[in-house]
Amino acid sequence: MTRQFEGKIAAVTGAGNGIGRACALAYARQGATLAMLDKEPDALEEAAALARQSGVVALPIHGDMTKPDIVESAFAKIRADLGPVDILLNNIGQTARENYSEFWQAKPETLQFVVNVSLMATLLCSRQVVGDMRERRSGKIVSISSDSAMNGDIGTVDYASAKSGVLGFTRALARELGPFKVNVNAVCPGPTNTRAMQRIPKDAYERAKNAIPLGELCEPEDIANAVTFLSSENARFITGQTLMVNGGRVFY
Ligand SMILES: NC(=O)c1ccc[n+]([C@@H]2O[C@H](COP(=O)([O-])OP(=O)(O)OC[C@H]3O[C@@H](n4cnc5c(N)ncnc54)[C@H](O)[C@@H]3O)[C@@H](O)[C@H]2O)c1
């Protein structure tokens, strides 16, 4: 394993569990200094301890990254304790889960919650790092969208709207930051083996699996492989793009 991120500072939102944790650990194995942000303190501390096993510094920052003031102080702490961020992974996001109802009956506060966590946090966190990236004329921003944005899965009107927003964000910011040699890309996972998928009923799980041409669910490490590639110098000429990592469930 090359330590290609040695000397780089990577900030990962939602680093405590699932895809975010897998990506943070992959950055750590490849030598990055980590800022790990999450609202679940126990999961966050556990993930940071795992990251440190790769011999890197991992700074856990606890808080709700949909709140502008918390985001601002979190990134101020990263800058003060570690330095300017080289790589930002915008990972947090979720469906309405237990508050789900069909769109025509959805409560406005649920719609607002899903948009805040699945889109607004990406805008807020990115805004904190682009100043330094512009000034230093380098940086990578990778955001986790979802192939639901492309497929328009049943029961995901709010989530697909927000995750489509992440793709628009990616394209527009890539254009804005291109002259500053900052790459901005998105990854769209398909159904991935994290706790969200593990909680759904068995028949829904089987249906999801059977709809994937490669015949299995994505693993968080599959997403980490795509994310670390897009965060690396091997992807220096790739920007504004959406990479589907979904076993072929949705073609784009
Ligand atoms: N699992 C899938 O099947 C799947 C498919 C497509 C896209 N995605 C996307 O991948 C990303 C990660 O999903 P996952 O399955 O790993 O989820 P997860 O629930 O396993 O992990 C998400 C992490 O983000 C943290 N988090 C959530 N809201 C937060 C907030 N407001 N502030 C700080 N931390 C917060 C949680 O505490 C948790 O540690 C999400 O954007 C999700 O929409 C997941």
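> Would you mind showing me how to read the overall build of the protein here?
Each helix and strand counted, the protein has 9 helices and 7 strands in total. Over its C-alpha atoms the protein spans a radius of gyration of 17 Å, differing by no more than 12% from the 18 Å that the globule rule assigns to 252 residues. Structurally, the protein occupies a C-alpha span of about 45 × 40 × 40 Å along its principal axes. Here the protein holds 252 residues, and 46% of them are scored as buried. Excluding contacts between residues fewer than 6 apart, the proportion of contacts in the protein whose partners are at least 24 apart in sequence is 73%.

> Could you clarify how one ought to interpret the pairing of strand β1 (residues 9-13) in this entry?
A regular strand places its side chains on the two faces of the sheet in alternate fashion. Within β1, 5 of the 5 residues are buried, which leaves the element mostly enclosed by the surrounding structure. The side-chain alternation of β1 yields two buried faces, one formed by Ile9, Ala11 and Thr13 and the other by Ala10 and Val12. Summarising the sheet, β1 and strand β2 (residues 33-38) pair through 5 bridges and their orientation is parallel. Following the sheet pairing, alanine 11 is matched in β2 by alanine 35. Each parallel crossover has a hand, and the one from β1 via helix α1 (residues 18-29) to β2 is right-handed. Judged from the 3 bridges that link them, β1 and strand β4 (residues 87-90) form a sheet pairing that is parallel. Paired with alanine 10 across the bridge in β4 is isoleucine 87.

> Before we go on, may I ask you to explain the site of the ligand in this structure?
With respect to spatial proximity, 30 residues lie near the ligand, and among them Gly14, Gly16, Gly18, Gly93 and Thr194 are the closest. Residue composition of the shell around the ligand, by class: 12 nonpolar, 13 polar and 5 charged.

> When you look at the environment of glutamate 109 in this model, what are you seeing that I'm missing?
Inspection of the secondary structure assignment puts glutamate 109 in helix α4 (residues 108-136). With 46 residues separating them in the primary sequence, glutamate 109 and glycine 63 have C-alpha atoms 20 Å apart.

> Where do I start with helix α3 (residues 68-81) in this structure?
Given 3.6 residues per helical turn, the α-helix brings residues three or four places apart onto the same face. Taking 1.5 Å of rise per residue, 14 residues should cover 20 Å, and α3 covers 20 Å from first to last C-alpha, within 8% of that figure. Here α3 has its buried residues at Val71, Ala74, Phe75 and Ile78. Down the axis of α3, the sector holding all buried residues measures 90 degrees, keeping them to one side. Exposed and facing more than 90 degrees away from the buried side of α3 are Asp69, Ala76 and Ala80.

About the cut-offs
- Residues numbered from 1 in each chain as written.
- Predicted model: local features only at pLDDT ≥ 70, side-chain atom pairs only at ≥ 80, totals over all residues.
- Helix = DSSP H or I, 4+ residues; strand = E, 2+ residues; numbered from the N terminus.
- Rg over C-alpha atoms; globule rule 2.2 N^0.38 Å.
- Buried ≥ 20, exposed ≤ 12 C-beta atoms within 10 Å, placed from the backbone.
- Contact = placed C-beta atoms within 7 Å.
- Pairing = 2+ DSSP bridges.
- Right-handed = clockwise from strand over helix to strand, strands pointing away.
- Near = placed C-beta within 6 Å.
- Nonpolar A, V, L, I, M, F, W, Y, C, P; charged D, E, K, R; others polar.
- Expected span 1.5 Å × (residues − 1).
- Arc of directions from axis to C-beta.

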